[in-house]
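Summary of structural features
So the chains spell out like this:
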Amino acid sequence: MKEYTKDDLKAIYKSRINRLADYLKESNTGACVFIDTEEHRDPSLPYYTGHPTDAVLIIYSDGYSILIPWDEILAKKISVSDKMIPLTKFKNNNMEAVKTVLNSTYTHGLNSRIELPPYLPYLEYLKFIDALEKYDCRCSEDGAHAFTKKCRFVKDKYEIDCTKEAARIGDLIIDKIESEIKKGKIKTETDVALLIERECRIHGCERTGFDTLAAGPSRSFAIHAFPNYTAAQWPGEGLSILDFGVVYNGYTSDTTVTVAKGKLTDAQEKQLALVQKAYDECLKLYTKDHTIYEAAKKADTVFAAAKRKMPHTLGHGIGLEIHETPRVSTKTDSSLYFEPGMIVTLEPGLYDEALGGVRLENDVLITDSGNEVISHSRIIRIK
């Protein structure tokens, strides 16, 4: 992918912050507070500053941003903000940090109205109210934090590039897995899961997008196998599932491979064919000219014709989090269309306790002219 300089990233983050600042002005709010801790991870931190974790971020209505990170050295190296103050200066107390910084920089806001994170536990929220008695504190489900999520709904060029790179690396891993299966080097669920852990880092990824789900024929009936992987045979005779993602510059891919090994029963072959058909038919509807509801309904129709039912949604957005909006579901607002810049999964699946499971999942970028499948997961046949 293109090499982004620190100045490139600074411009990208500033553009995002200015968009939020405009929203704050329109809603007559002076500043918005974001808090990322072990108790609650907030992707707004990397979205607005590039800082990965454990920090407080305050963004004012004039576009001024202050990052208060726990790890000062890391923040200096990789984050972008107008001002950085280490959390250690406030004895690692988020509340004291917010109070002190607001008191010293309040002139950047339109007024004293402050939006606090809606994910604060109620008792902690009350403590913030007491600590910030000079401010008009608000906590809303549809405020600036919801606005930030909506901004992440459609990806900018940098986000698309990062996700494409994650998908490209995921494709390399899938190819290697297929090769290693044929060589007899992968024998268990643990073997394939650890291969993914190793290979993603070899290719420059930070981590996997979530705990890899590897389920051999004895466990592939589960939508999400529990435990995620074991010492069970993978892939064995029959149907095996592998669901994984890799993270590049904070952005994750999400793919699912089904491995069909040996001679399958007629019922298993029919299940494979149904999932492939649903995938092919629904992909045609992943365009700006179709609603999300239409795509989800098409999958239901394909499976219903065979008297089968898919027990999960057809897909979801991906990005800084593995599950983002929109959900590709018949429960989604029927007036909501796919939009260029969205990256959503397409993952039809069927599961049966006797037959095993089949899921085929790829990541799809919605474009002005249709769509681009940026990952290349598939049903792998092994004799």
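Anything mentioned here points back to the structure above.
Residues numbered from 1 in each chain as written. Predicted model: local features only at pLDDT ≥ 70, side-chain atom pairs only at ≥ 80, totals over all residues. Heavy atoms only, no water.

**Considering the overall build of the protein**
Helix and strand content of the protein: 10 helices and 20 strands. Relative to the compact-globule value of 21 Å for 383 residues, the protein shows a C-alpha radius of gyration of 23 Å, a close match. Looking at the protein as a whole, 55% of its 383 residues qualify as buried. Taking as baseline every contact in the protein between residues at least 6 positions apart, the subset at least 24 positions apart corresponds to 65%. With an accessible surface of roughly 17,500 Å², the protein has 51% of that area assigned to carbon and sulfur atoms. Here the protein holds 51 positive side-chain charges and 57 negative ones, and the gap between their average locations is 2 Å. (Helix = DSSP H or I, 4+ residues; strand = E, 2+ residues; numbered from the N terminus. Rg over C-alpha atoms; globule rule 2.2 N^0.38 Å. Buried < 20%, exposed > 50% of the residue type's maximum accessible area, 1.4 Å probe, protein only. Contact = heavy atoms within 4.5 Å. Areas by Shrake-Rupley, 256 points an atom, 1.4 Å probe, with all protein chains shown as cover. Lys, Arg positive; Asp, Glu negative; His and termini not counted. Charge placed at Lys NZ, Arg CZ, Asp CG, Glu CD.)

**Remarks on the pattern of salt bridges**
A complete count under the given rule lists 22 salt bridges for this structure. Across the pair Glu372 and Lys164 runs a salt bridge whose closest N-O atoms are separated by 3.2 Å. Linking Glu372 in strand β19 (residues 370-373) with Lys164 in helix α7 (residues 157-182), this pair joins segments that are 208 residues apart in sequence. Taking relative accessible area as the criterion, Glu372 reaches 33% and is therefore assigned partly exposed. With relative accessibility at 29%, the residue Lys164 sits in the partly exposed group. Residue Glu281 pairs with Lys284 through a salt bridge whose shortest N-O separation is 3.3 Å. By relative accessible area, which is 25% here, Glu281 ends up partly exposed. Residues participating in the shared-partner salt-bridge network are Arg152, Lys155, Glu321 and Glu324. (Salt bridge = Lys/Arg side-chain N within 4 Å of Asp/Glu carboxyl O.)

**As for unusual backbone geometry**
Pro235 follows Trp234 through a cis peptide bond whose omega is -15°. Relative to the helices and strands, Pro235 is located in the loop between β8 (213-215) and β9 (238-244). Note the cis peptide between Thr325 and Pro326, where omega equals 5°. The phi dihedral of Asn92 is positive, around 60°, even though this residue is not glycine. Within the secondary structure layout, Asn92 lies in the loop between β4 (83-84) and α4 (94-105). Unusually for a residue other than glycine, Lys307 sits at a positive phi of about 60°. By the secondary structure assignment, Lys307 is in the loop between α10 (292-305) and β13 (315-317).

**Details of a nonpolar patch on the surface**
Together, Tyr122, Leu123 and Leu126 make up a nonpolar patch on the protein surface, roughly 350 Å² of accessible area in all. Looking at the secondary structure, you find Leu126 in helix α5 (residues 122-131). Judged by its relative accessible area of 32%, Leu126 falls in the partly exposed class. (Patch = residues over 30% accessible without salt bridge, like charges linked within 9 Å, V, L, I, M, F, W, Y side chains within 5 Å.)

**Some points on the sheet that holds strand β7 (residues 207-208)**
Read across the sheet, three strands follow the order β7-β10-β11 without closing on themselves; strand pairing throughout is antiparallel. Taken across any chain shown, the strands that pair with only one partner, and hence form the sheet edges, are β7 and β11 (251-252). As defined by bridge partners, strand β10 (residues 246-248) adjoins β11 across two bridges and the pair is classed as antiparallel. The residue bridging Val247 from the neighbouring strand is Thr252, located in β11. Here α7 sits on the sheet in contact with β10 and β11, set at roughly 140° to β10. (Pairing = 2+ DSSP bridges. Axes fitted to C-alpha atoms, helices over the stretch in contact; angles between N-to-C directions.)

**Regarding α7**
Over its 26 residues, α7 runs 38 Å from end to end, which matches the ideal 38 Å to within 8%, given 1.5 Å per residue. N-cap assignment for α7: the residue whose side-chain oxygen lies 3.2 Å from the backbone N of Tyr158 is Asp156. (Expected span 1.5 Å × (residues − 1). Polar contact = N/O pair within 3.5 Å; in protein donor to acceptor, adjacent residues only side chain to side chain.)

**Some words on the packing of helix α1 (residues 6-26) against helix α6 (residues 144-151)**
Two elements in contact, α1 and α6, have axes separated by 11 Å at closest approach and are oriented at 140°. With respect to α6, the element α1 is oriented oblique. By crossing handedness, the relation of α1 to α6 is classed as right-handed. Listed contacts from α6 to Arg19, Leu20, Tyr23 and Leu24 of α1 are Ala144, Phe147, Thr148 and Cys151. (Parallel < 35°, antiparallel > 145°, perpendicular 65-115°, else oblique. Left-handed = near helix turned anticlockwise from the far one by under 90°.)

**Overview of the state of the cysteines**
One pass over the full model with this rule turns up zero disulfides. Cys205 supplies the cysteine sulfur nearest to Cys162, a cysteine that is in no disulfide, at a spacing of 11 Å. (Disulfide = S-S within 2.5 Å.)

**Notes on the environment of Ser112**
By the secondary structure assignment, Ser112 is in the loop between α4 and β5 (113-115). Taking C-alpha positions, Ser112 is 46 Å from Thr212, a pair spaced 100 residues apart along the chain. Sequence-distant contacts of Ser112, defined by excluding residues within four places in its chain, comprise Lys134, Tyr135 and Asp136.

**Thoughts on the environment of Asp191**
Structurally, Asp191 is set in helix α8 (residues 189-202). Residue class for Asp191 comes out partly exposed when judged on its relative accessible area of 31%. A C-alpha to C-alpha distance of 10.0 Å links Asp191 and Ile177, two positions 14 residues apart in sequence. Non-local contacts of Asp191, meaning those with residues more than four positions away in its chain, are made with Lys185 and Ile186.

Nothing here speaks to function; it is geometry throughout.
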